[in-house]
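Observations on chain architecture
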Amino acid sequence: AVVSTQSTGEKGLVEAEKRRIKELLVRLEVENGDLTEVKTSNINTIEKLRNKMKEMGSEQEELLIECKASYRTRVRNLENRIAELECSMDETVEKGTETEK
């Protein structure tokens, strides 16, 4: 037969300690679940922010391209207008020279 070396009081303390440890484990599991939910939520939020930043970057890039195209168009229009004015000025000078002759 197995002889117990623990008294009834010691057994009670051991059982109480086992219950306390089980309660702590349950509480830790609950807290771990909560932390996992928070982690998942944070990961989702980070992913949404990354996507939004990509969208904003794409929009800025499109605006920059449009701005450059608009600038090039305005420069071409100004160059054409300058060419027209130079031709007109040359014609005026030629007419003036012919009139003087």
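In this text the structure is predicted, and so the values were computed from the model without any measurement.

A few words now on the overall build of the protein chain. Summing up its helical and strand segments, the protein chain has one helix and zero strands in all. Expected size for 101 residues packed as a compact globule is a radius of gyration near 13 Å; at 43 Å, the protein chain overshoots this value by more than 25%. With respect to the principal axes defined by its C-alpha atoms, the protein chain has extents near 145 × 20 × 15 Å. Here the protein chain holds 101 residues, and the buried ones make up 0% of them.

Next up on the list: a negative patch on the surface. Taken together, Glu 55, Glu 59, Glu 61, Glu 62 and Glu 66 make up a surface patch of like negative charges. Looking at the secondary structure, you find Glu 66 in helix α1 (residues 8-100). Assessed through its relative accessible area of 52%, Glu 66 is described here as exposed.

Per the counting criterion, the structure on display carries four salt bridges. A salt bridge links Glu 15 to Lys 18; the shortest N-O distance between them is 3.8 Å. Taken as a pair, Glu 15 and Lys 18 lie in helix α1 at a separation of three residues, close to a single helical turn. The class of Glu 15 is partly exposed, set by a relative accessible area of 40%. Two residues, Glu 47 and Arg 50, come together in a salt bridge whose shortest N-O distance is 3.6 Å. With a gap of three residues between them, Glu 47 and Arg 50 both fall in helix α1, about one helical turn apart. The exposure class assigned to Glu 47 is partly exposed, which follows from its relative accessible area of 37%. Judged by relative accessible area, Arg 50 falls into the partly exposed class, the value being 48%.

What follows deals with a nonpolar patch on the surface. A contiguous nonpolar patch, built from Ile 21, Leu 25 and Leu 28 and spanning about 280 Å² of accessible area, is present on the exposed surface. Residue position: Leu 25 is located in helix α1.

Rules used in this analysis
Residues numbered from 1 in each chain as written. Predicted model: local features only at pLDDT ≥ 70, side-chain atom pairs only at ≥ 80, totals over all residues. Heavy atoms only, no water. Helix = DSSP H or I, 4+ residues; strand = E, 2+ residues; numbered from the N terminus. Rg over C-alpha atoms; globule rule 2.2 N^0.38 Å. Buried < 20%, exposed > 50% of the residue type's maximum accessible area, 1.4 Å probe, protein only. Patch = residues over 30% accessible without salt bridge, like charges linked within 9 Å, V, L, I, M, F, W, Y side chains within 5 Å. Areas by Shrake-Rupley, 256 points an atom, 1.4 Å probe, with all protein chains shown as cover. Salt bridge = Lys/Arg side-chain N within 4 Å of Asp/Glu carboxyl O. Lys, Arg positive; Asp, Glu negative; His and termini not counted. Charge placed at Lys NZ, Arg CZ, Asp CG, Glu CD.

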